Amino acid sequence: MASAAQRNIRSISYAKYGYFFILPFFLVYCFFQVWPLINTFILSFYGNGQKVEDFIGLDNFRALLFGTSTTGMGRTAKAIHETFIQTLGNTFIVWIGNFIPQICLSLALAVWFTDSKLKIKGKGFFKIVMYMPNIITAASVAALYLSLFAESEYGSVNNLLMSAGIIDSPIKFVTGCWQSRGMIMFIQCWMWFGNTMIMLMSGIMGLNPSLFEAANIDGASSGQVFRKITLPLLRPIMLYTLVTSMIGGLQMYDIPYLYKKGTQRNEYTRTVAVFIYEHFREKMPNPNYGFSAAASVILFFITIILGSFAFAMNRDKDEAMKKKERKAYAKALKAKQKGLGGMEI
Amino acid sequence: MNKLKRTLALVATLAISATAFVGCGDDSSSSTTSSSTPAESSATEESTPAEGEETAEIKLPSGGDKMTILAWNANDVDPMLKMWLPDAGYTEDQINFVNFNVGGGEAAAQYDQYFLGGEDVDVFMVEADWALKYINDDAATAPMSDLGFTEAYFAGQYPYTMEIGKDSNGVIKGVSWQAAPGAWCYRSDLADSYLGVKSPEEMQAKVADWDKFQATAKEVSEASGGKTALTTTLGGIWQAFAANRSTPWVQDGALAVDDFCNTFIDLAKNMRDNGYVTDLNQWTDDWYAAGQTDNTMGYFVSTWGFGDSILLTAAGGDGGATFGKWAVTEGPTPYFWGGTWMCVSPKTDNADMVANFIKYFTVDEASMEKYALGKDGGEYVNNMNVMQKIVDEGSNSNANLGGQDQFAVVHENAKAIDLKGLITPYDASIKTAFLDAVNAYCAGETADAAACIEDFKDRVAESVTDITVE
């Protein structure tokens, strides 16, 4: 039984000091993050170039999404619509093309590395080597691949293939449509599979080992263990990987921006983020803040929609069904009580 | 005790938050100090060896704390200050050099940010491509006449550099200390074996205009069995060709598309389809590497491009595979490529120093000659008399060009450049869009010349929203 004094002490709260200490972060965060974020939304309703101070309502969105305009953008609206849709397509193609091989590769490696039966030697070494590409900055990676896959006959890979007699003329690794997309998919996959693998490994190692033991005793094959135990239990981690990769993929910027021939931009690998940057910074003499902001806002909503979709898809179906049943039962009970009214009395 | 802790926590919190805002707010301290010490500033004025008759005409205020110079790299400003400061009797303490350390194309965005901050600015450097953005803006640049310079002072400058520095009313607001006329460099050994050409003069006769250029390209291609292209990139050709335009790109706020465009499209298509030009792009590793093979025999090069930037690297460096096998000639048309201009902010508070600086590098021939010869690697200064003198003396010889003096060649070109006042603030974007469209057409992405023009218009409509594109 606590004395009055003890109870009194317990009621003293030190929490407010905690708030004081995190206050600087929030001040800075509001000033440098929240306000620019809100400002992006505001800017998306304003004009482009010199007309940056004119309010034009939803015209930027109209131009980007449908190529029409009510404030006389004319050809600009049409051109920007085509480019925007193309960049959106590029973004999805490059993301999907890197995510599917990446998750397959990471999953296979994660399962092998965590399998107690396989006893792979030098796991630590492989983990480090596979994670390594993620540590190198994107600029160095782009420079490395640009010099390896330079598309004239002087490029290392082209030179090798040509002298080996495999190809007659150099492959256009940097400007070709599917060649350049393939290269970026490969680079992204190569940079990120180590990261995904480590995440999936930690997920697998967090699973209850008694389930695997029980499966072994029951004589399940490793394929069965994978399909019936590992995969279903790994679902939350997979969902996490999917959502983070999707957010990262939709905002993919560095490699597509840097992987280009000289100063000429490749239209097949221009992602939405690159499009946003170009209109924000690289339009002379006046930047197109309106288009840039509107494209950011559209990207934001696409991310929200796809994210919610992924969550809805991956909801635990049994749990959802049970919840539904419980609800139906409660409803029926209520109806019963109402229907029978005073009869029971 | 508790109170002390709380106070300490509060102070620490405020201190941490304050650091986050250190970069914000404008630096008004310099202006307050300058206004509060009039005695000191007038003393500086007297000790300045500035010429009496000019300081008298300066309409802008003097006596500020420091002269602030904005630029995107230190390649020019450092050697300039090194020479000017001792000669003018100023010290480094009086200079505030803000180096943004970015590419020239990104500098405008940095400047806009800086100007918004309201900090001190006296002189800033601009590139031809976006100079008009500031020169046409009276809030950003002051007329040179406010510093006591009339047009007569700049009589020795190459005419085209003056054109770029004028705003839409013809007022001089930007001046350049360097000229960047271009020329065409070629492999003299290949020219000898394929064309039988022995001297730059003979070569010039074979590339004197664009028709001859294409005919010679055909000759080279046939003689080499299709192996050697006359020049390396369409970008280089376009750099020179774009200088031929006889009407502005933008008229009455609308994009002007005319025969000029079609002429270039035909030329580009012809050269590319027949292998008269390689499909390489400028500023790539391949572009440099091609210079060490027999796949190309020419590069378009400007005054600054004879060193590491273009030609020396293309030759494989000092002692490289093709080092010393090059020669230079004027090429099909006079053109310029690059260069830097100086503008003065109307908010300057050091007009006397600024005037001295501008005089030293753009008016005074003796100091300009000193700079031309004194700067590491030499500078092609923006004065016809000075350059004529240097060329006449014949002291310059370039080992990569087999001892030829490139200044003698570009000097002729520079005098012939005629811009006819055609520059618009949108030129950089429009020219890039056109080259991109032509490259796409040559790569087979658009079907014909008409589609290429449509593609070009779409590109311009997308990037330049301030003009109409029908």
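Every chain is numbered independently, its residues counted from 1 as its sequence is written. Key to labels: chains lettered from A, ligands numbered from 1, both in the order written. Thresholds applied to this predicted model are a pLDDT of at least 70 for local features of residues and 80 or more for the giving and counting of side-chain atom pairs; totals over whole chains, interfaces and linings are not thresholded and use all residues.

### Things to note about the overall build of chain A
Starting at the N terminus, helices and strands are each numbered in turn, a helix being any DSSP run of H or I of at least four residues and a strand any DSSP run of E of at least two. When its secondary structure is counted, chain A shows 14 helices and 0 strands. For chain A, the N- to C-terminal ordering of α and β elements is α-α-α-α-α-α-α-α-α-α-α-α-α-α. The principal-axis extent of the C-alpha atoms belonging to chain A is close to 85 × 65 × 55 Å. For chain A, the share of sequence-separated contacts (at least 6 apart) that also reach a separation of at least 24 residues comes to 64%. Think of it this way: build a C-beta for each residue from its backbone, and any pair within 7 Å is a contact.

### Some remarks on the overall build of chain B
When helices and strands are tallied, chain B shows 21 helices and 10 strands. Relative to the 2.2 N^0.38 estimate, which gives 23 Å for 470 residues, the radius of gyration of chain B is 26 Å and therefore close to what a compact globule would have. By its C-alpha atoms, chain B is 90 × 55 × 50 Å across when sized along the principal axes. Once C-beta atoms are placed from the backbone, each residue is buried if 20 or more other C-beta atoms lie within 10 Å of its own, exposed if 12 or fewer, and partly exposed for counts between those two. Split into buried and exposed, the 470 residues of chain B put 46% on the buried side. Of the contacts made within chain B by residues no fewer than 6 positions apart, 77% connect residues no fewer than 24 positions apart. Here the radius of gyration uses the C-alpha set of atoms, whereas the globule reference equals 2.2 Å times the residue count to the power 0.38.

### Here we look at the environment of B:Ala205
Relative to the helices and strands, B:Ala205 resides in helix 10 (residues 200–206). Distance from B:Ala205 to B:Thr329, taken between C-alpha atoms, is 9.7 Å for residues 124 residues apart in sequence.

### A few points about the sheet that holds strand 8 (residues 298–302) of chain B
Residue and element names in this part refer to chain B. Two strands make a pair as long as DSSP finds a minimum of two bridges between them. Taken in spatial order, the 3 strands of this open sheet run 8-5-9, and their pairing is antiparallel. On the outer flanks of this sheet lie strand 8 and strand 9 (326–329), each paired with one strand and no other. Here the strands of the sheet are splayed against their neighbours by 30 degrees on average, with no regard to which way each runs. Bridge count between strand 5 (residues 182–187) and strand 8: 5 bridges; the pairing is antiparallel. When the bridges of strand 8 are listed, Tyr186 appears paired with Gly298. Axis definition: a line fitted to C-alpha atoms, over the contacting stretch in the case of helices. Angles run 0 to 180 degrees between N-to-C directions. Relative to strand 5, helix 9 (residues 188–195) is tilted by about 65 degrees, and along the sheet it contacts strand 5 and strand 9.

### Regarding the nonpolar core
Only buried Ala, Val, Leu, Ile, Met, Phe, Trp, Tyr and Cys residues enter a nonpolar core, and they are joined through C-beta atoms within 7 Å. Counting 185 residues, the largest nonpolar core has B:Ala131, B:Leu147, B:Cys185, B:Leu311, B:Val354, B:Ile358 and B:Val438 as the members making the most contacts within it. Looking at this core, the element that brings in the most residues is helix 4 (residues 75–114) of chain A, giving 13 residues. Where a domain begins and ends is set by an automatic assignment or by a domain database. Taken domain by domain, this core gets at least three of its residues from each of domain 1 (54–179 + 338–390) and domain 2 (183–335 + 420–463) of chain B. What B:Ile358 contacts, discounting residues up to four positions off in sequence, is B:Leu147, B:Phe149, B:Val175 and B:Met342.

### So, the confidence of the model for chain B
Scored from 0 to 100, pLDDT records how confident the predictor is in each individual residue. Overall, the predicted model of chain B reaches an average pLDDT of 85, with 91% of residues at or above 70. For residues 25–56 of chain B, every residue scores under 50 in pLDDT, and the model assigns this stretch 31 contacts once sequence neighbours within four places are set aside.

### With respect to the interface of chain A and chain B
The interface is formed by 28 residues belonging to chain A together with 32 residues belonging to chain B. The leading source of residues in the side of chain A that touches chain B is helix 2 (residues 15–43) of chain A, at 6 residues. Looking at the side of chain A that touches chain B residue by residue, the class counts come to 12 nonpolar, 12 polar and 4 charged. Side-chain classes follow a simple rule in which Ala, Val, Leu, Ile, Met, Phe, Trp, Tyr, Cys and Pro form the nonpolar group, Asp, Glu, Lys and Arg form the charged group, and the remainder, Gly included, forms the polar group.

### What to know about unusual backbone geometry
Comment: phi is negative for the bulk of residues other than glycine, and the bulk of peptide bonds are trans. A positive phi is found at A:Lys119, a non-glycine position, where the angle reads about 55 degrees. With respect to the helices, strands and loops of the structure, A:Lys119 is situated in the loop between helix 4 and helix 5 (123–135). The backbone of B:Asn101 shows a phi angle near 55 degrees, a positive value even though the residue is not glycine.

### Focus on the packing of helix 18 (residues 384–393) of chain B against helix 19 (residues 406–416) of chain B
All names here are of chain B. Between helix 18 and helix 19, the shortest axis-to-axis distance is 10 Å and the interhelical angle comes to 150 degrees. Taken together, helix 18 and helix 19 sit at an angle that is classed as roughly antiparallel. Considering only the axes of helix 18 and helix 19, their crossing is left-handed. On helix 19, the residues that touch Met384, Met387, Gln388, Ile390 and Val391 of helix 18 are Phe407, Ala408, His411 and Lys415. Partitioned by chemical class, the residues of the contact of helix 18 with helix 19 number 6 nonpolar, 2 polar and 1 charged. Roughly parallel here means an angle under 35 degrees, roughly antiparallel means over 145, roughly perpendicular means 65 to 115, and every remaining angle is called oblique. Crossing chirality is assigned from the near helix's rotation relative to the far helix, an anticlockwise turn below a right angle marking it left-handed and a clockwise turn marking it right-handed.

### Looking at the packing of helix 10 (residues 222–250) of chain A against helix 13 (residues 289–313) of chain A
All names here are of chain A. The N-to-C vectors of helix 10 and helix 13 enclose an angle of 165 degrees; their axes lie 10 Å apart at closest approach. One element, helix 10, and the other, helix 13, form an angle in the roughly antiparallel class. Here the hand of the crossing between helix 10 and helix 13 comes out right-handed. From helix 10, Leu239, Leu242, Val243, Met246, Ile247 and Leu250 reach across to helix 13, where they touch Leu299, Ile302, Thr303, Leu306, Gly307 and Ala310. The class makeup of the residues in the contact of helix 10 with helix 13 is 10 nonpolar, 2 polar and no charged.

### Notes on the domain arrangement of chain B
Accessible area lost upon the coming together of the parts serves often as the stated size of an interface. Residues and elements named next belong to chain B. In terms of domains, chain B is made up of domain 1 (54–179 + 338–390) and domain 2 (183–335 + 420–463). At the junction of the two partners, domain 1 supplies 11 residues and domain 2 supplies 10 residues. Mapped by element, the contributors of at least two residues to the side of domain 1 that touches domain 2 are helix 7 (128–135) and helix 8 (159–164). The element best represented in the side of domain 1 that touches domain 2 is helix 7, accounting for 4 residues.

### Observations concerning the pairing of strand 10 (residues 340–344) of chain B
Residue and element names in this part refer to chain B. Among the 5 residues in strand 10, 5 count as buried, and that is most of the element. Burial of strand 10 is two-sided: the residues Thr340, Met342 and Val344 facing one way and the residues Trp341 and Cys343 facing the other way are all buried. Two strands pair when backbone bridges link them, and strand 3 (residues 123–127) and strand 10 are joined in this way by 5 bridges, in the antiparallel orientation. Bridge assignment links Glu127 to a residue of strand 10, and that residue is Thr340. Pairing geometry for strand 4 (residues 174–176) and strand 10, over 3 bridges, is antiparallel. The partner of Gly174 across the bridge, within strand 10, is Cys343.

### Focus: the sheet that holds strand 4 of chain B
All names here are of chain B. Strand order in the open sheet formed by 5 strands is 2-1-3-10-4, and the pairing between neighbours is mixed. Of all strands in the sheet, those with a lone pairing partner are strand 2 (95–99) and strand 4, marking the two edges. Averaged over all neighbouring strand pairs, the angle between strand axes comes to 25 degrees, with direction disregarded. In terms of strand pairing, strand 1 (residues 67–71) meets strand 2 through 5 bridges, oriented parallel. Across the sheet, the residue bridging to Leu70 is Val98, located in strand 2. Those strands touched by helix 7 are strand 3, strand 4 and strand 10, and its axis lies near 135 degrees from that of strand 3.

### Details of helix 19 of chain B
When we look at burial in helix 19 of chain B, the residues that qualify are B:Gln406, B:Phe407, B:Val409, B:Val410, B:His411, B:Asn413 and B:Ala414. At its buried positions, helix 19 of chain B is contacted by strand 5, strand 9 and helix 18 of chain B.

### Section: helix 9 (residues 209–217) of chain A
Burial within helix 9 of chain A is sparse, with just 0 of its 9 residues counted as buried. Trailing helix 9 of chain A by a residue or two, A:Gly219 shows a phi angle of about 80 degrees, which is positive.

### Structural notes on the environment of B:Ser168
Residues and elements named next belong to chain B. Structurally, Ser168 is set in the loop between helix 8 and strand 4. Given 11 C-beta atoms within 10 Å, Ser168 falls into the exposed group. Distance in space between the C-alpha atoms of Ser168 and Asn136 is 6.4 Å, their sequence separation being 32 residues.

### What about the pairing of strand 1 of chain B?
Residues and elements named next belong to chain B. Taking burial as the measure, the 5 residues of strand 1 include 5 buried ones, the bulk of the element. Handedness of the crossover is the feature at issue here: the chain leaves strand 1, passes through helix 5 (residues 77–88), returns alongside strand 2, and the resulting connection is right-handed. Direction of pairing for strand 1 relative to strand 3: parallel, over a ladder of 2 bridges. Paired with Ile69 across the two strands is Val123, which belongs to strand 3. Every crossover in which the path from the first strand over the helix to the second runs clockwise, viewed with the strands pointing away from the viewer, is termed right-handed.

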